[in-house]
Amino acid sequence: MNKAATLLDRTFDEGVALTLEARNYIAYHEQADRREYDLARCLHVGYQHTRVSARLIQVMTWLLAMKALLAGEISPDQFAAPQYAMTVTDECNSPSGPELVELPSGLRSLLERSHLLYLRIQRLDDMVRSKLAAGEVPNFATLTGGPAIVSGGSAA
């Protein structure tokens, strides 16, 4: 397996694992939260669940499209379409801050990790799109400039 596939596969696996963890967390805790919290807090927690989900949907869509591009299943023009671009929204792009300390620790962890993964993919999207705009086919092994983007971490 080449270095490009390894980076992409690790990042994809990380996204799948985080998506499954978020699904399980939300499915389990949503019912418990409804019994324990008042309406205002349930709405706040539900909004935070939505933020995690929105980030992960964008990340996984991008990763699947990148895999399809590198496998020759879609063209660079198809990949460059807005449907595969990482969109910048307050819900996805803003980090979880100290105002969220009242949230359950598991949800705070999902918010933080989904945000870090989202930012990483956003940087990769910018790099890939600049390569495509220059008429180059992205080479995942050289896009990162070495160990700048690694699974589970952030830019060095």
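Our subject is the structure listed above.
First, a word on what this report is: a plain description of the structure on this page.

Calculation rules
- Residues numbered from 1 in each chain as written.
- Predicted model: local features only at pLDDT ≥ 70, side-chain atom pairs only at ≥ 80, totals over all residues.
- Heavy atoms only, no water.
- Helix = DSSP H or I, 4+ residues; strand = E, 2+ residues; numbered from the N terminus.
- Axes fitted to C-alpha atoms, helices over the stretch in contact; angles between N-to-C directions.
- Left-handed = near helix turned anticlockwise from the far one by under 90°.
- Contact = heavy atoms within 4.5 Å.
- Phe/Tyr/Trp six-rings, centres within 6.5 Å; stacked < 30°, edge-to-face > 60°.
- Buried < 20%, exposed > 50% of the residue type's maximum accessible area, 1.4 Å probe, protein only.
- Lys NZ or Arg CZ within 6 Å of the ring centre and 35° of its normal.

With that settled, the discussion passes to the environment of Leu 70. In this fold, Leu 70 is placed in helix H2 (residues 39-70). Between the C-alpha atom of Leu 70 and that of Pro 138, which follows or precedes it by 68 residues, the distance is 8.0 Å.

The subject of this paragraph is the packing of H2 against helix H5 (residues 105-133). At their nearest, the axes of H2 and H5 sit 9 Å apart, and the two run at 35 degrees to each other. By crossing handedness, the relation of H2 to H5 is classed as left-handed. Residues Val 45, Gln 48, His 49, Arg 51, Val 52, Arg 55, Leu 56, Gln 58, Val 59, Trp 62, Leu 63 and Met 66 of H2 lie in contact with H5, whose contacting residues are Leu 107, Leu 110, Leu 111, Ser 114, His 115, Leu 117, Tyr 118, Ile 121, Leu 124, Asp 125 and Val 128.

As a further point, take the packing of aromatic side chains. Within this structure, the stated rule accounts for two aromatic pairs. Each ring, one from Trp 62 and one from Phe 79, has its centre 5.9 Å from the other, and the planes form 75 degrees; the classification is edge-to-face. Here the residue Trp 62 occupies a position in helix H2, and Phe 79 occupies one in helix H3 (residues 76-79), the gap between them amounting to 17 residues. Assessed through its relative accessible area of 0%, Phe 79 is described here as buried. Between the aromatic rings of Phe 79 and Tyr 84, the centroid separation amounts to 6.3 Å while the plane-to-plane angle is 10 degrees, which identifies the pairing as stacked. Aromatic ring contacts, followed pair by pair, group Trp 62, Phe 79 and Tyr 84 into a single cluster. Cation over ring: Arg 41 sits above Tyr 37, and NZ or CZ is 4.0 Å from the ring centre. The aromatic ring of Phe 12 is capped on one face by Lys 67, whose charged end is 4.8 Å from the ring centroid.

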